[in-house]
Amino acid sequence: MKILVCISNVPDTTAKISFVEDNKVYNKNNVQFIISPYEELALTRALELKEAASGTITVLTVGLQDAEPTMRKALAMGADDAIRVNTEAKDAMFVAKQIAEVAKNKNYDIIFTGKESIDYNGSQVGEMVAELLDIPSITSVSGIDVEGTTGKIQREIDGGYEQIECEFPFVGSGQKGIAPEPRIPAMRGIMMARKKPLNIVEPVEFTDLTQVITHTLPEAKSACTMIEPDNVGELVRLLHEEAKAI
Amino acid sequence: MNYNNYKSVDYFNLDDFYSSEHKLIRQSIRDWVNRSLKPIIDEANHKHEFPKQIIKQLGALGAFGPYIPLKYGGAGLDYISYGLIMQELERGDSGIRSVASVQSSLVMYPIFEFGNEEQRQKYLPKLASGELVGAFGLTEPNHGSDPGAMETNIVDKGDYYLLNGAKMWITNSPIADIAIVWAKDEQQIVRGLIVEKGMSGFSAPETHNKWSLRASITGELVFENVKIPKENILPNIKGLKGPMKCLNSARYGIAWGVIGAAMDCYDTALNYALERKQFNKPIASFQLQQKKLAEILTDITKAQLMAWRIGTLKNDNRATPSQISMIKRNNVQMALNTARESRQILGAMGISGDYPIMRHMINLESVITYEGTHDIHLLITGFDITKISSFK
């Protein structure tokens, strides 16, 4: 079984968000980067599937050299090798094109993405990769087992779950539930990741379909005013005069 | 309390000196502490119970003998990695860090350094995985700071050694599968032995009623005519320098570990001070609380700088025992002061089991005494300055 797990290098969820270059570019200074959480869960499940049967796990990132620490983490978790497409990740179509180009002749049985990266939240890359490779796309994968060359997949749908089967190859976008918790790399894994191959490939040319005009931060939340439980009059006054909600 | 987004303090940008691998190691142990230790540690302390399940988890994680080479089951990492592992474990609990310290520095280290190849192959991989638990026996009922006067002894009986004596204050002893025991031979030379559970005449009763390190298990090692096979002696060391080298490694880990306890206290106190309101404003706005917080952060930063430096010296095999004495003493005192000041910031809530500070504080009362007392480490520095021993 050959599995490709596409991981993106995203700011830690507690990172302070700011922009530079006329609000067009995210300010990476002093920001810790992590594997996007849904992809980390998908990688964890991919590792379990490999360990239950056999096979290889390759992780792929579209990104510059600063993405390599998170790729080394993926190798420390247990991936066999890594591929970095040496370019800044632009929009979803650009990233999908780069992934599909790497994957097209490699006969991966399953390609995992996350249901969305937690920075730009596009929720498109997995579906686009599937289309470009002309293979099925299964979204919102909240559980997966493999029997022979068939994936037995649980998808989360509105109000419940859907069980489906799909023959290899396919693209699955993982979400919460695909693995209970991300795997923590062991110290030996971290040591051994040093020697695992991290191959760098150059990107294919592709004209950007979208351009970022600007980013806008949400308005700061106003302070919360606490009112004693027996002071309903004050609550009504504030709602009427300040919040103008009533 | 949500620990999952915890960020350690780094006022002097020491992270610039750590590799991405060091940071990954730190984050991995931190993730394990947040996920598997923080949720259970307070109850374990309350109940005075060692959470045994963590042994295998720590083994799988690679927290035992991280600097032991891969071929013996270790991770082959450097000493800064070991320090960061200890720091993160002790952010969870000093007792749990003690378990890892003993297994790594006091059991695996002497087998690796002073053992023969058969002993290394036989014990190290199983100690690394947590399949075997180890203990270290040096301190005796009548000999703590003066281990050279130990009474535990071996007599050569031809085919075996006959071991008699007793050790006390031994972390892990009641659950240990093997113990590294230091005893004097007939020529009064200190030798190291591997004593195995189940040997006739060997018992390891638990020490009850501790008010400190309540989540780790402590006991005695009692030897009554225990026959020790000759192949169980550590062949490559003679004299008190054997156990002292082990303690040197363990003290190094403690110097890092206690920074973790201090960080947890500081983080708790800072968050509390920002949220707790008196006189209609957060108590963090009052000068006396800011003084406490500023001094704590200064002290932690100094300890971090010392730890990073001793780590680089240890990696170069240049760290002296006296330097390690100085940093062990300094950093444990720093952590204990931090716990006490942090406890004050929380006021009455500081004594509550809902916060970790009091647990850290009572743990650190052991840490300041074990592996060389606070006073003895000062005298080691005094000796290093003057070349005059004040305790002999």
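Parameters at a glance
- Residues numbered from 1 in each chain as written.
- Chains lettered and ligands numbered in written order.
- Predicted model: local features only at pLDDT ≥ 70, side-chain atom pairs only at ≥ 80, totals over all residues.
- Heavy atoms only, no water.
- Helix = DSSP H or I, 4+ residues; strand = E, 2+ residues; numbered from the N terminus.
- Contact = heavy atoms within 4.5 Å.
- Buried area = accessible area lost by both parts, 1.4 Å probe.
- Salt bridge = Lys/Arg side-chain N within 4 Å of Asp/Glu carboxyl O.
- Polar contact = N/O pair within 3.5 Å; in protein donor to acceptor, adjacent residues only side chain to side chain.
- Nonpolar A, V, L, I, M, F, W, Y, C, P; charged D, E, K, R; others polar.
- Pairing = 2+ DSSP bridges.
- Axes fitted to C-alpha atoms, helices over the stretch in contact; angles between N-to-C directions.
- Expected span 1.5 Å × (residues − 1).
- Core = buried A, V, L, I, M, F, W, Y, C linked by side-chain atoms within 4.5 Å.
- Buried < 20%, exposed > 50% of the residue type's maximum accessible area, 1.4 Å probe, protein only.
- pLDDT = per-residue confidence, 0-100.
- Phe/Tyr/Trp six-rings, centres within 6.5 Å; stacked < 30°, edge-to-face > 60°.
- Lys NZ or Arg CZ within 6 Å of the ring centre and 35° of its normal.
- Domains from an automatic or database assignment.

K.L.:
Explain unusual backbone geometry here, please?
P.N.:
Note on backbone geometry: most residues besides glycine have negative phi, and most peptide bonds are trans. Cis geometry is found at the peptide bond from Phe168(A) to Pro169(A), where omega equals -10°. One can find Pro169(A) in the loop between strand S11 (160-167) and strand S12 (170-174). The phi dihedral of His48(B) is positive, around 55°, even though this residue is not glycine. Along the polypeptide, His48(B) turns up in the loop between helix H1 (20-47) and helix H2 (53-61). Despite not being glycine, Asn280(B) has its phi angle at roughly 65°, a positive value. Here Asn280(B) shows up in the loop between strand S8 (277-278) and strand S9 (281-282).

K.L.:
Teacher, can you tell me more about the interface of chain B and chain A here?
P.N.:
Note: interface size is frequently given as the accessible area lost on complex formation between the parts. The interface is formed by 23 residues belonging to chain B together with 18 residues belonging to chain A. For the pair chain B and chain A, the summed buried area comes to about 1,700 Å², and 62% of that belongs to carbon and sulfur atoms. Note that Arg35(B) and Glu181(A) form a salt bridge whose closest N and O atoms lie 3.3 Å from each other. One can count nine residue pairs in polar contact (both at pLDDT 80 or more) joining chain B with chain A. Element by element, the count of residues in the side of chain B that touches chain A is highest for H1(B), at 10 residues. When grouped by side-chain class, the residues that make up the side of chain B that touches chain A number 11 nonpolar, eight polar and four charged.

K.L.:
What is the right way to read the sheet that holds strand S9 (residues 137-147) of chain A from this model?
P.N.:
Across a sheet, paired strands are connected by hydrogen bonds in the backbone, their directions being either parallel or antiparallel. Residues and elements named next belong to chain A. Here we have nine strands laid out as an open sheet, ordered S11-S10-S9-S12-S8-S1-S6-S7-S13, and mixed in their pairing. The open sheet has two free edges, formed respectively by S11 and strand S13 (198-201), since each of these has just one partner strand. When the angles between neighbouring strand axes are averaged without regard to direction, this sheet yields 30°. Sheet topology places S9 next to strand S10 (residues 150-157); six bridges connect them, and they run antiparallel.

K.L.:
Any chance you could explain helix H8 (residues 321-345) of chain B here in plain terms?
P.N.:
Since the α-helix advances by 3.6 residues per turn, residues separated by three or four positions end up pointing in the same direction. For H8(B), spanning 25 residues, the distance from its first C-alpha to its last is 36 Å, which sits close to the expected 36 Å at 1.5 Å a residue. Of the residues one or two after H8(B), Gly347(B) is the one with positive phi, at around 55°.

K.L.:
Even after reading the chapter, I still don't get the nonpolar core, so can you show me in this structure?
P.N.:
The nonpolar side chains of a soluble globular protein tend to be buried with one another. Residues Val5(A), Phe112(A), Ile144(A), Trp32(B), Leu89(B), Ile111(B) and Trp182(B) are the most contacted members of the largest nonpolar core, which totals 143 residues. Of all the elements, helix H6 (residues 241-275) of chain B adds the most residues to this core, at 17 residues. What Leu89(B) contacts, discounting residues up to four positions off in sequence, is Ile29(B), Trp32(B), Val33(B), Leu37(B), Leu58(B), Ala63(B), Arg97(B) and Ala100(B). Counting residues in hydrophobic clusters, the runner-up holds 20 residues, among them Leu4(A), Ile99(A), Val129(A) and Val171(A).

K.L.:
Can you walk me through the confidence of the model for chain B in this structure?
P.N.:
Where the model shows low pLDDT, its predicted coordinates should not be examined in detail. In the predicted model, chain B carries a mean pLDDT of 96, and the fraction of residues at 70 or more is 99%. The ipTM, which scores confidence in the relative placement of chains, is 0.92 for this predicted complex, and the corresponding pTM is 0.93.

K.L.:
For this particular structure, what's the right way to read the packing of aromatic side chains?
P.N.:
Each aromatic ring pair is described using two quantities: the centre-to-centre distance and the angle formed by the ring planes. Counted by the stated rule, this structure contains 17 aromatic pairs over all chains. With a centroid separation of 6.0 Å and an interplanar angle of 70°, the aromatic rings of Phe19(A) and Tyr26(A) are classed as edge-to-face. On the basis of an interplanar angle of 85° and a centroid distance of 5.7 Å, the ring pair of Tyr79(B) and Tyr252(B) is categorised as edge-to-face. Taken together, the residues Tyr79(B) in helix H3 (residues 79-92) and Tyr252(B) in helix H6 connect sequence positions 173 residues apart. Assessed through its relative accessible area of 0%, Tyr252(B) is described here as buried. By the ring-pair criterion, three or more aromatic residues cluster together here, those being Tyr67(B), Tyr79(B), Tyr82(B), Tyr252(B) and Trp256(B). It is Lys2(A) that lies over the ring of Tyr108(A); its NZ or CZ is 5.1 Å from the centre. We note Arg91(B) situated over the ring of Tyr6(B); from NZ or CZ to the ring centre the distance is 4.0 Å.

K.L.:
Where do I start with the domain arrangement of chain B in this structure?
P.N.:
Residue and element names in this part refer to chain B. When cut into domains, chain B gives domain 1 (3-133), domain 2 (135-232) and domain 3 (241-386). Spacing between the C-alpha centres of domain 1 and domain 2 amounts to 24 Å. With 29 residues of domain 1 in contact, the opposing surface of domain 2 contributes 22 residues. Buried surface at the junction of domain 1 and domain 2, summed over both partners, amounts to about 2,000 Å²; 65% is from carbon and sulfur atoms. The largest per-residue losses of area from domain 1 upon contact with domain 2 belong to His-48, Tyr-123 and Val-133, which jointly make up 32% of the total buried on that side. Here domain 1 and domain 2 share one salt bridge between them. Of the charged contacts in the structure, one is a salt bridge between Glu-196 and Lys-122, with a shortest N-O distance of 3.4 Å. Taken together, the elements giving at least two residues each to the side of domain 1 that touches domain 2 come down to H1, helix H4 (94-114) and helix H5 (117-129). Looking at which element gives the most residues to the side of domain 1 that touches domain 2, the answer is H4, with 11 residues. Split into classes, the residues belonging to the side of domain 1 that touches domain 2 amount to 16 nonpolar, seven polar and six charged.

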